[in-house]
Amino acid sequence: HEYAPVFPRQVTDISFGLGPTTSNLTLLAAGASCAALVPDASTPTNWMQTSGVDESGWLGDPGGIGYDESSTYLPYIGVDVGTRADVTASAYGRWTFTVDDPAAIVSLVLRAKYDDGFIAWINGVRVAGTNAPAVPAWNSAATAAHADAAAVLDETFGIDGAAAFLVPGTNVLAVQILNTSAGSSDLLFVPELVAGVGSAFGDP
């Protein structure tokens with residue numbers, strides 16, 4: 001790079017150079033198509049992996065996953081899993097998204113509407129969660145409640161080291177959605193994945 005008329009005076013412990021040049025890219029839009037399942041004890045434990053998962057018995061549609069005996073969450077729900085809500089406090093969701101160049105992604109965030117908690121994996125790597133047990137079972141419950149008024153607002157979760165587990169082409173976001181108890185009156189999960197794409201050190 002060229003400076004005119006001269007290179008600026010340098011100061012001890014103060015860096016001088018190009019700042020980050022990034023732009024936001026939505027990898028997974030809110031309301032995208034998904035596959036959903038209310039699990040039982042026979043559900044394979046590899047359900048959050050990228051491949052080898054049989055989705056033939058899963059429900060599938062665009063929109064968020066959940067149910068509501070009132071109307072608060074209904075505008076956000078595309079896949080209703082309420083028919084077996086009294087069986088377990090958990091539901092599973094899977095979304096696919098495409099990445100062209102994982103090395104170009106310098107940041108990644110998950111934005112989520114949720115009731116009451118969740119655990120998220122990308123390509124089988126646990127990346128985010130809240131109100132969740134450290135070691136979940138198929139019928140795990142949320143460890144705390146999330147108020148209905150807050151559940152319909154996006155909460156942002158930063159995901160570290162995304163370039164290490166993202167792959168070129170198809171990737172999978174898998175989520176265990178957690179209610180405070182089986183038979184709760186409502187459940188919701190709506191995800192969005194947004195990446196920062198570019199160079200952390202300016203233009204090459």
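The sections below set out a description of the structure shown in this document. In this numbering scheme, every chain counts its residues from 1 along its sequence in written order. Thresholds applied to this predicted model are a pLDDT of at least 70 for local features of residues and 80 or more for the giving and counting of side-chain atom pairs; totals over whole chains, interfaces and linings are not thresholded and use all residues. Only heavy atoms go into the side-chain values, all of them from the structure, while hydrogens and water stay out.

This paragraph deals with the sheet that holds strand 6 (residues 90-99). The strand order across the open sheet built from six strands is 3-2-6-11-8-9, with neighbouring strands paired in antiparallel fashion. The sheet terminates laterally at strand 3 (59-62) and strand 9 (125-130), the two strands that pair on one side only. Along the sheet, successive strands turn relative to each other by an average axial angle of 25 degrees, direction set aside. With four bridges connecting them, strand 2 (residues 33-37) and strand 3 associate as antiparallel partners. Note on pairing: DSSP must find at least two bridges between two strands before they are called paired. Helix and strand definitions here come from DSSP, where helices need a minimum of 4 consecutive H or I residues and strands a minimum of 2 consecutive E residues; each element is numbered from the N-terminal end. Axes here mean lines fitted to C-alpha atoms, for a helix over just the part in contact, with angles spanning 0 to 180 degrees between N-to-C directions.

Planes of paired rings set the category: under 30 degrees apart is stacked, over 60 is edge-to-face and the rest tilted, where pairs are Phe, Tyr or Trp rings (Trp by its six-membered ring) whose centres lie within 6.5 Å. For the coordinates displayed, the defined rule picks out seven aromatic pairs. Consider the rings of Trp 47 and Tyr 92, whose centres lie 3.7 Å apart with planes at 5 degrees: the pair is stacked. On the criterion of sequence distance, the pair formed by Trp 47 in the loop between strand 2 and strand 3 and Tyr 92 in strand 6 is long-range, its members being 45 residues apart. The same class applies to Trp 47 as to Tyr 92, namely buried. Their ring planes at 65 degrees and their centres at 5.4 Å tell us that Tyr 114 and Phe 118 sit as a pair that is edge-to-face. Across the pair, Phe 118 and Tyr 114 agree in class, each one buried. Ring pairs connect the aromatic residues Trp 95, Tyr 114, Phe 118, Phe 157 and Phe 189, which therefore count as one cluster. Each residue is placed in one exposure class: buried if its accessible area under a 1.4 Å probe, protein chains only, is under 20% of its type's maximum, exposed if it is over 50%, and partly exposed if it falls in between.

Before going further, it helps to spend a moment on the pattern of salt bridges. Any Lys or Arg side-chain nitrogen found within 4 Å of a carboxyl oxygen on Asp or Glu counts as a salt bridge. As enumerated under the stated definition, the model contains three salt bridges in all. Residue Arg 94 is joined to Glu 55 by a salt bridge in which the shortest nitrogen-to-oxygen separation is 2.6 Å. Within this pair, whereas Arg 94 is found in strand 6, its partner Glu 55 is found in the loop between strand 2 and strand 3, the two being separated by 39 residues in sequence. Using a relative accessible area of 6% as the deciding quantity, one classes Arg 94 as buried. For Arg 111, the salt bridge is made with Glu 192, and the minimal N-O distance between the two is 4.0 Å. Of this pair, Arg 111 sits in strand 7 (residues 105-115) while Glu 192 sits in strand 12 (residues 186-199), placing them 81 residues apart in sequence. Classification of Glu 192 as buried rests on a relative accessible area of 16%.

A separate point is the side chain of Asp 115. Here Asp 115 lies in strand 7. Under this definition, polar contacts are N or O atom pairs within 3.5 Å; protein pairs additionally need one hydrogen-donor-capable and one acceptor-capable atom, and for neighbouring residues in sequence, both atoms have to be side-chain atoms. Of note is the side chain of Asp 115, whose polar atom sits 2.5 Å from the side chain of Tyr 73.

On the secondary structure map, Val 127 appears in strand 9. We classify Val 127 as buried; its relative accessible area is 15%. A C-alpha to C-alpha distance of 9.1 Å links Val 127 and Phe 157, two positions 30 residues apart in sequence. If we ignore the near neighbours within four places in the chain, the residues touching Val 127 are Ala 120, Trp 121, Ile 122, Gly 158, Ile 159 and Phe 165. In this description, contact between two residues means that some pair of their heavy atoms is separated by no more than 4.5 Å.

Below, the discussion takes up the environment of Val 167. With respect to the helices and strands, Val 167 occurs in the loop between helix 2 (162-165) and strand 11 (169-178). Separated by 66 residues in the primary sequence, Val 167 and Asp 101 place their C-alpha atoms 7.7 Å from one another. With near-sequence residues (within four places) excluded, Val 167 lies in contact with Val 99, Pro 102 and Asn 123.

Formed by 35 residues in total, the largest nonpolar core has its most connected members in Phe 118, Ile 122, Leu 173 and Leu 193. With five residues, strand 7 is the single largest residue contributor to this core. In this text, buried Ala, Val, Leu, Ile, Met, Phe, Trp, Tyr and Cys residues form a nonpolar core when linked through side-chain atoms within 4.5 Å. One finds Ala 35, Met 48, Trp 58 and Tyr 92 within the second-largest nonpolar core, a separate group that totals 12 residues.

Everything listed here is a matter of coordinates, which is why it stays silent on function.
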